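Coordinate analysis (summary)
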Amino acid sequence: MADLAGRWGVTPNTVSRRLAFLGIKPIRQGNYRFITPEELELAQQLQDHVLAGRPMESFPRPQEAEGGQVVRQVRQPGPVVPQVEQLA
């Protein structure tokens, strides 16, 4: 895990978030956490995807339904009421 942070030039927290996004749960042995070679390959593919300027959410996750793409629903902003009217 620490090796991935150094290799990718990101924080260990970013590595943890990316692995969680992929559904990868590292194996803990003492103070160390490890992933399998297959999981490492998938994580590297996500890293390459992100480095290409694409959002992490658009990375297909094969173990998930419909490719595992994340759909975000953005709430439409409500009407803007000027603060002066609110005080009145």
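Summarised in this report is the structure supplied together with it. What you are looking at is a predicted structure, and each value in this text was computed from that prediction instead of being measured.

**With respect to the overall build of the protein**
- Of the regular secondary structure elements, the protein holds four helices and two strands.
- The order of α-helices and β-strands along the protein, N terminus first, is α-α-β-β-α-α.
- A total of 88 residues make up the protein; the buried ones form 22% of that total.
- Look at the contacts in the protein between residues 6 or more apart in sequence, and 38% of them connect residues 24 or more apart.

**Description of the side chain of Gln-47**
- The topology assignment puts Gln-47 in helix H3 (residues 37–51).
- Beyond its immediate chain neighbours, meaning those up to four positions away, Gln-47 contacts Trp-8 and Arg-18.

**What about the packing of aromatic side chains?**
- Counted according to the given criterion, the structure contains one aromatic pair.
- Relative to Phe-34, the ring of Tyr-32 has its centre 6.4 Å away and its plane inclined at 40°; by these criteria the two rings are tilted.
- Taking the relative accessible area as the measure of exposure, Phe-34 reaches 40% and is therefore partly exposed.

**Focus on the environment of Arg-18**
- Tracing the sequence through the fold places Arg-18 in helix H2 (residues 12–22).
- In the structure, Arg-18 is positioned 25 residues away from Ala-43 in sequence and 7.4 Å away in space, judged by C-alpha atoms.
- Not counting residues within four places of it along the chain, the set of residues in contact with Arg-18 comprises Trp-8, Val-10, Leu-46, Gln-47, Val-50 and Met-56.

Cut-offs applied
Residues numbered from 1 in each chain as written. Predicted model: local features only at pLDDT ≥ 70, side-chain atom pairs only at ≥ 80, totals over all residues. Heavy atoms only, no water. Helix = DSSP H or I, 4+ residues; strand = E, 2+ residues; numbered from the N terminus. Buried < 20%, exposed > 50% of the residue type's maximum accessible area, 1.4 Å probe, protein only. Contact = heavy atoms within 4.5 Å. Phe/Tyr/Trp six-rings, centres within 6.5 Å; stacked < 30°, edge-to-face > 60°.

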